[in-house]
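Structural overview
Listed below, chain by chain, are the residues.
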Amino acid sequence: MKWGMPVMTRSRLFCNSSIIRQNLHQYGWIGILYTLALLFILPLQLFINGDRLKEPIVIDGLFNLGMDIAAILIPFPIIAGLFLSRYIQSRRSSDLMHSLPLRRSHLLASHALSGLLLLLPPVWITAVVIALVRPLKGNMYIFHGAEIWVWCLTVSVLTLFLYAFTLFVGICTGQSILQGIVVFILLMLPSVLLEIINMHFNRFLYGYADWFGLSAVEKNVWSPPLRITNLTTDPLSGAEIWSYAFLSAVFLALSFLLYRKRQSEQAGHAMAFTYFNPLFKAGVMLCTMLVASSYFGSISRQPGWIIGWVLAGGLIGYITVEMVLRKTWQILTRRLPLEFALYSVLLGLLIYIPISGLTGYESRVPQADKVAGVFAGDNYQALMRSLEGETAPEAWKEELYSTDPKYIEAVTELHRAVVSAKPDQRKELWSEYRQTRHFMLVYQLENGRKLTRSYVIPVAGYEPELKAVMEDASYKRDRYLLTRMNGNLESFRLNYRNKTLSISDPQDVEAFTGILKREILNKSFADEISDQREKASIQLIYKPKSPESALSYSYNWNRSYKEMTAWLEQKGYADKLKITAEDVKSVELFKDIHHNAIPPRELYNAEVRLQLARSEQRTVKITDKTLIDDILLHQRKFTRQEGRTVVLIEYKKGNEEFSSLEEQDMAPALKALLP
């Protein structure tokens, strides 16, 4: 029998009705279960979900109703694709089907149409049922016909895409189990690969901002399963629906194209086309090498160890692929070491070149005259998003960038100083807030591009550059969000310990807003890096229904704020927040020494340090109220610093707090009490 010879009348039709009937008879359970599942997760939920004692709820979409549709939408099309391409994966059924007097295009079209008849009618039936039950009295939700149409179109397109993609993978592979595994891997691969590469850059690329680089790419958009899980909060856009429809057509067309070239003897083999093998090996090896470099790179930065782990990861990936392709663990041949070496060298270069000095990424500092705007601070990520995780309005984003040439020059000087010295970026240093600062530098360049870097900069050694940046009004405007103190403020809420007061008089609110802005703009570099405890926290309360009403911003009443202190004392607010010795139950002091006796994992545990001091009888309890008031006045945030005095203050309200005292802040009588 020759392929392509139309010897029967029925074979002239593009789809063979006998094959379709056989498939519907054999796999009809898929369509039945898909229909029942869809009916359960949506029409039924209209009547059993919600509160019957309340009025019907108005909703603007059907994906956020009931259980997550991803649990139904993802598996059924893939299962249908696996079963309906099974005839080319099994040697016996492959020989049987290919012996029929039908063209290959007829065979594939018949099976593809069978799958569509199993999958699409359940979606349409569900949509019709929703439309029929929508006006019924027991329905606890109010929605329009447009929502039904959007739901039906979205689910139909995604069902078609997943089914077409599974068929395409089935044409390229020779085993059903491997087909299912490859389908899942390829659907997740875009997001996973972006995440792995992002980790790789973060480990080895100095100044790379992991959350802003590839991590900022909407990874879920590139991974259909993850995108489907987000339908409840973010329905598909029109462009996405068209994209999935287009990809479905592409995968179906490729399936027909490749099926014509597929050898029937490839049934049971891992890959049906041998020219896919190098790509398969390289892809798996690349992933395992990146995972090994990212994971073990966080443990040891020594080049020898990193190269060793990367090679080990590549070897694991290579052996795995070889065993899958050959379907045996006996893969040792003479060419294997040479081939592995070739793959390792090529993939190693692919991994190394982006993080090497060849790209100039780490040393690149833009010229000040090429910069249109700049941001420098540690809260860029928070400023780009609102509290609800939504992207901030464009107007809010634009106000972040300063166009002041003097400030741009100061930021580029700081950037230049950092990249020339490359201070250590290890995360364990970040906890010493007084000694380091995290800076995100974001440049808007004249050519329209954006350059972003992230550094942890130690204060020591960079005082002039940090002072020039941190004392500039542009830095303070972004760091403290001065533009958010607008006319929508209703009141201020001040808190310290268990004491709270509200400033709500409109005249006082206006006056306090001006004072707070002036105090922030007048902060010196010493104030910026000071670790003195604040007198109170200040929370902005916006008017209801204002654009900022859902946001929350807080500031400190610092001890250096002379004008604010005087105003609060004059208004009688200060006394309502003041903590004195009368509020304190006990105070215990000790010199924070003998750090070598503390286990490394407990270095930041103040309680362990206290127990060590108690065991060595180096603690003293203070009862003198004058000394306690002096401690409350000069206390600083607790930091891990050898030789500093640590204070444990227990308040009468029951809470405890560790603080620190500098030598120059302690009264002579207090120093004399320390053992």
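Residues numbered from 1 in each chain as written. Predicted model: local features only at pLDDT ≥ 70, side-chain atom pairs only at ≥ 80, totals over all residues. Heavy atoms only, no water.

Observations regarding the overall build of the protein chain
Stated precisely, the cut-off is as follows: Only runs of H or I of at least four residues qualify as helices and only runs of E of at least two qualify as strands under DSSP, and these elements are numbered from the N terminus. Only C-alpha atoms enter the radius of gyration, while the globule expectation follows 2.2 Å times N to the 0.38, with N the number of residues. Each residue is assigned to one of three classes by its accessible area relative to the maximum for its type, calculated with a 1.4 Å probe on protein chains only: buried under 20%, partly exposed between the two thresholds, exposed over 50%. Residue contacts are defined here by distance: any two heavy atoms, one from each residue, within 4.5 Å place the two residues in contact.
Assigned secondary structure in the protein chain consists of 26 helices and 14 strands. At 33 Å, the protein chain has a C-alpha radius of gyration far larger than the 26 Å of a compact globule built from 675 residues. When its C-alpha atoms are laid out on the principal axes, the protein chain stretches across 110 × 75 × 60 Å. Across the 675 residues in the protein chain, those meeting the buried criterion constitute 47%. Within the protein chain, counting contacts between residues at least 6 apart in sequence, those at least 24 apart form 76% of the total.

Brief notes about the pattern of salt bridges
Applied cut-off: Salt bridge, as used here, is a side-chain nitrogen of Lys or Arg placed within 4 Å of a carboxyl oxygen of Asp or Glu.
Counting across every chain of the model gives 25 salt bridges. Notably, a salt bridge pairs Glu 657 with Arg 497, separated by 2.2 Å at the nearest N-O pair. With Glu 657 in strand E14 (residues 656–661) and Arg 497 in the loop between strand E6 (489–496) and strand E7 (499–503), the pair connects residues that are 160 residues apart, well separated along the chain. Its relative accessible area of 15% is what places Glu 657 among the buried residues. The class of Arg 497 is partly exposed, set by a relative accessible area of 27%. One salt bridge connects Lys 585 with Glu 650, and the closest N-O pair in it is separated by 3.6 Å. Here the residue Lys 585 occupies a position in strand E10 (residues 584–591), and Glu 650 occupies one in strand E13 (residues 645–651), the gap between them amounting to 65 residues.

A short note on the environment of Ala 112
Structurally, Ala 112 can be placed in helix H6 (residues 104–133). Ala 112 sits in the buried class, given a relative accessible area of 8%. The spacing of Ala 112 and Tyr 163 is 51 residues in sequence and 8.7 Å in space, taken between C-alpha atoms.

Notes on the sheet that holds E6
Condition: Two strands pair under a simple rule: DSSP has to find at least two bridges between them. Comment: axis = line fitted to C-alpha atoms, over the contacting stretch for helices; angle = value between 0 and 180 degrees taken between N-to-C directions.
With antiparallel pairing, the 4 strands of this open sheet are ordered in space as E7-E6-E8-E9. The open sheet has two free edges, formed respectively by E7 and strand E9 (554–557), since each of these has just one partner strand. Taking the axes of each pair of neighbouring strands and ignoring which way they run, one obtains an average angle of 25° across the sheet. When E6 meets strand E8 (residues 536–542), the two strands line up antiparallel, connected through 6 bridges. The partner of Asn 495 across the bridge, within E8, is Ser 537. The strands touched by helix H20 (residues 506–521) are E6, E7, E8 and E9; relative to E6, the strand with the most contacts, the crossing angle is about 65°. This element, helix H22 (residues 562–571), spans E6, E7, E8 and E9 of the sheet and lies at about 85° to E9.

A few points about helix H5 (residues 91–98)
Rule in force here: This arc describes the spread of directions from the helix axis toward the C-beta atoms.
The set of residues buried in H5 consists of Ser 94, Met 97 and His 98. Mapping the buried residues of H5 onto a view down its axis gives an arc of 90°, with all of them on the same face. Opposite the packed face of H5, turned more than 90 degrees from it, sit the exposed residues Arg 92 and Leu 96. Looking at the buried residues of H5, the elements they touch are helix H1 (17–41), H6 and helix H11 (238–261).

Quick look at the pairing of E10
Sheet topology note: the E10/E13 ladder contains 7 bridges and is antiparallel. Within E13, the residue paired with Ser 586 across the bridge is Glu 650. With 4 bridges joining them, E10 and strand E11 (residues 619–622) adopt antiparallel strand pairing. Within the sheet, the bridge partner assigned to Phe 590 lies in E11 and is Thr 619.

Let's talk about the packing of aromatic side chains
Just so we agree on the cut-off: Here the aromatic set is Phe, Tyr and Trp, taking the six-membered ring for Trp, and pairing holds for ring centres within 6.5 Å; pairs whose planes are under 30 degrees apart are stacked, those over 60 apart are edge-to-face, and all others are tilted. Only lysine NZ and arginine CZ atoms are considered, and such an atom sits over a ring when it is within 6 Å of the ring centre and within 35 degrees of the ring normal.
Per the stated rule, a full pass over the model turns up 25 aromatic pairs. Measuring from centroid to centroid gives 6.2 Å for Phe 161 and Phe 165, while their planes differ by 15°, and the two rings are stacked. On the criterion of helical spacing, the pair formed by Phe 161 and Phe 165 is a turn pair, its members being 4 residues apart in helix H7 (residues 145–172). Across the pair, exposure class does not vary: Phe 161 and Phe 165 are buried alike. Taken together, the ring pairs in this structure connect Phe 161, Phe 165, Phe 168, Tyr 244 and Phe 251 into an aromatic cluster. The ring of Tyr 496 carries Arg 497 above its face, with NZ or CZ at 4.9 Å from the centroid.

Examining the side chain of Thr 166
Test applied: Within 3.5 Å is the distance limit for a polar contact, defined as a pair of N or O atoms, with the added protein rule that one can donate a hydrogen and the other accept it, and that residues adjacent in sequence qualify only through two side-chain atoms.
Among the structural elements, Thr 166 can be located in helix H7. With relative accessibility at 0%, the residue Thr 166 sits in the buried group. Among the polar contacts made by the side chain of Thr 166, one reaches the main-chain carbonyl oxygen of Leu 162 at a distance of 2.7 Å. Contact partners of Thr 166, with chain neighbours within four places excluded, come to Pro 77, Ile 78, Gly 81, Leu 82, Gln 179 and Val 183.

Points about the packing of H6 against H11
Let me state the cut-off plainly: Convention used here: angles under 35 degrees read as roughly parallel, angles over 145 as roughly antiparallel, angles from 65 to 115 as roughly perpendicular, and any remaining angle as oblique. For a crossing to be left-handed, the near helix must be turned anticlockwise from the far one by less than a right angle; the clockwise case is right-handed. Under the scheme applied here, ten amino acids are nonpolar (Ala, Val, Leu, Ile, Met, Phe, Trp, Tyr, Cys and Pro), four are charged (Asp, Glu, Lys and Arg), and all others, including Gly, are polar.
Packing of H6 against H11 leaves a shortest axis separation of 9 Å and a crossing angle of 140°. The orientation of H6 with respect to H11, classified from their angle, is oblique. H6 and H11 meet at a crossing whose hand is right-handed. Residues Arg 104, Ser 105, Leu 107, Leu 108 and Ala 109 of H6 lie in contact with H11, whose contacting residues are Ser 255, Phe 256, Tyr 259 and Arg 260. Residues belonging to the contact of H6 with H11 are distributed by class as follows: 5 nonpolar, 2 polar and 2 charged.

Looking at the sheet that holds E14
Spatial strand order, E11-E10-E13-E14-E12: 5 strands in an open sheet with antiparallel pairing. Of all the strands in the sheet, just E11 and strand E12 (636–637) have a single pairing partner and so form its edges. Sheet topology note: the E12/E14 ladder contains 2 bridges and is antiparallel. Of the residues in E14, the one forming a bridge with Arg 636 is Ser 660. Lying over the sheet, helix H24 (residues 606–615) contacts E10, E11, E13 and E14, oriented at roughly 75° with respect to E10. Of the strands in this sheet, E10, E11, E12, E13 and E14 are in contact with helix H25 (residues 625–634), which crosses E10 at around 70°.

Quick look at the packing of H6 against H7
To characterise two packed helices, one gives the angle between the axes of the helices and the distance between these axes. At a minimum axis separation of 10 Å, H6 and H7 run at an interaxial angle of 160°. One way to sum up the angle between H6 and H7 is to call them roughly antiparallel. Between H6 and H7 the crossing geometry is right-handed. Here the contact of H6 with H7 is built from residues that sort into 18 nonpolar, 5 polar and no charged.

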